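Listed here are the chains, written in short residue letters.
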Amino acid sequence: MNDTLLIITGFMTFLLFLVQRSERKARRLVLILSAAIFIAIHQVVLSRGDASVAWKGLVIAVVLNVIFWFLIGRYNPPGSSDDIQVLGMDD
């Protein structure tokens, strides 16, 4: 396996995972930041002449995130920050 493909897949998987597991209120901001980082990564890969590596990495990242969602994320949705209870508070 190509080292570039492994690194690109890792970054894209992490970005998609952040969007998938972010809180519903912050999901739009996370999506915009992840898209900006994705575009930067894609431009770096294109400048190296490895366009197919970027697309392969994206496809592998999407497949890995769908598998994670199917096995874990569907049954354990991300919580809300409103549900956090701090121990020791008298409120």
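Just above, that's the structure.
Right, let's walk through the structure included here.

So, how was this worked out
Residues numbered from 1 in each chain as written. Predicted model: local features only at pLDDT ≥ 70, side-chain atom pairs only at ≥ 80, totals over all residues. Heavy atoms only, no water. Phe/Tyr/Trp six-rings, centres within 6.5 Å; stacked < 30°, edge-to-face > 60°. Helix = DSSP H or I, 4+ residues; strand = E, 2+ residues; numbered from the N terminus. Buried < 20%, exposed > 50% of the residue type's maximum accessible area, 1.4 Å probe, protein only. Lys NZ or Arg CZ within 6 Å of the ring centre and 35° of its normal. Axes fitted to C-alpha atoms, helices over the stretch in contact; angles between N-to-C directions. Parallel < 35°, antiparallel > 145°, perpendicular 65-115°, else oblique. Left-handed = near helix turned anticlockwise from the far one by under 90°. Contact = heavy atoms within 4.5 Å. Salt bridge = Lys/Arg side-chain N within 4 Å of Asp/Glu carboxyl O.

Observations regarding the packing of aromatic side chains
One pass over the full model with this rule turns up one aromatic pair. Ring centres of F17 and F68 lie 5.1 Å apart, and the angle between their planes is 75°; this geometry places the pair in the edge-to-face category. One end of the pair, F17, is in helix 1 (residues 3-21); the other, F68, is in helix 3 (residues 51-73), with 51 residues separating them in the sequence. For F17, a relative accessible area of 31% corresponds to the partly exposed category. Of the residues examined, F68 reaches a relative accessible area of 23% and is grouped as partly exposed. Positioned above the aromatic ring of W69 is the side chain of R74, whose terminal nitrogen or guanidinium carbon lies 5.7 Å from the ring centre.

Topic: the packing of helix 1 against helix 2 (residues 27-47)
At a minimum axis separation of 9 Å, helix 1 and helix 2 run at an interaxial angle of 170°. Between helix 1 and helix 2, the interaxial angle falls into the category roughly antiparallel. Crossing hand, helix 1 versus helix 2: left-handed. Residues I8, F11, M12, L15, L18, V19 and Q20 of helix 1 lie in contact with helix 2, whose contacting residues are R27, V30, L31, S34, I37, F38, I41 and V45.

Focus: the side chain of S22
Looking at where S22 falls in the secondary structure, it is placed in the loop between helix 1 and helix 2. Setting aside anything within four residues of it in sequence, one finds S22 in contact with R27, V30 and P78.

Side note on the pattern of salt bridges
A full pass over the atoms with the stated rule returns one salt bridge. The shortest N-O distance in the salt bridge between K25 and E23 comes to 3.8 Å. The exposure class of K25 is exposed, given its relative accessible area of 60%.

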